[in-house]
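This is what each chain is made of:
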Amino acid sequence: MSENHERDANETLAIDALISGKQANRMILIGIPQWVKGVIYRLHSLGFAEMAEWSRLMPTRNPKEMISVLHRPRVQD
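Residues numbered from 1 in each chain as written. Predicted model: local features only at pLDDT ≥ 70, side-chain atom pairs only at ≥ 80, totals over all residues. Heavy atoms only, no water.

**Q** I tried to follow the overall build of the protein chain on my own but got confused; where do I start?
**A** In terms of regular secondary structure, the protein chain is built from two helices and three strands. For the protein chain, the α and β elements follow one another from N to C terminus as α-β-α-β-β. Restricting the contact set of the protein chain to residue pairs at least 6 apart, pairs at least 24 apart contribute 56%. Approximately 5,800 Å² of the protein chain is accessible, and the part contributed by carbon and sulfur atoms is 57%. (Helix = DSSP H or I, 4+ residues; strand = E, 2+ residues; numbered from the N terminus. Contact = heavy atoms within 4.5 Å. Areas by Shrake-Rupley, 256 points an atom, 1.4 Å probe, with all protein chains shown as cover.)

This is the structure in structure tokens:
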């Protein structure tokens, strides 16, 4: 699966979970694009999350800020 296709699939899952009300864990990064990309890269290098698991960078209301979301299903104990 290509990285873009995988990323699109992850974004669709995140949106579906928000709409359906399914419980999920989300990490949200908001900041200038270089910072957001840097944090995603550092978390990847630490083995926390694959880079493709993050949504693409999307603009916020603030012109110089972007947002990216990591979505993971909540594990039931």
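**Q** Just to check I follow, could you spell out the sheet that holds strand β3 (residues 66-73) for this structure?
**A** Strands pair in a sheet through their backbones, by hydrogen bonds, and they do so in one of two ways: parallel or antiparallel. Strand order in the open sheet made by the three strands is β1-β3-β2, with antiparallel pairing throughout. The outermost strands of the open sheet, each flanked by one partner alone, are β1 (24-31) and β2 (58-59). Judged from the two bridges that link them, β2 and β3 form a sheet pairing that is antiparallel. Within the sheet, the bridge partner assigned to Met-58 lies in β3 and is Ile-67. Docked against the sheet, helix α2 (residues 33-45) engages β1 and β3, running at close to 140° with respect to β1. (Pairing = 2+ DSSP bridges. Axes fitted to C-alpha atoms, helices over the stretch in contact; angles between N-to-C directions.)

**Q** Just to check I follow, could you spell out the confidence of the model for the protein chain for this structure?
**A** As a note on interpretation, predicted positions should not be read in detail where pLDDT is low. Averaged over every residue, the pLDDT of the protein chain is 81; residues scoring 70 or more account for 69%. Within the protein chain, helix α1 (residues 3-20) has the poorest average pLDDT of any element, 56, and α2 the best, 97. (pLDDT = per-residue confidence, 0-100.)

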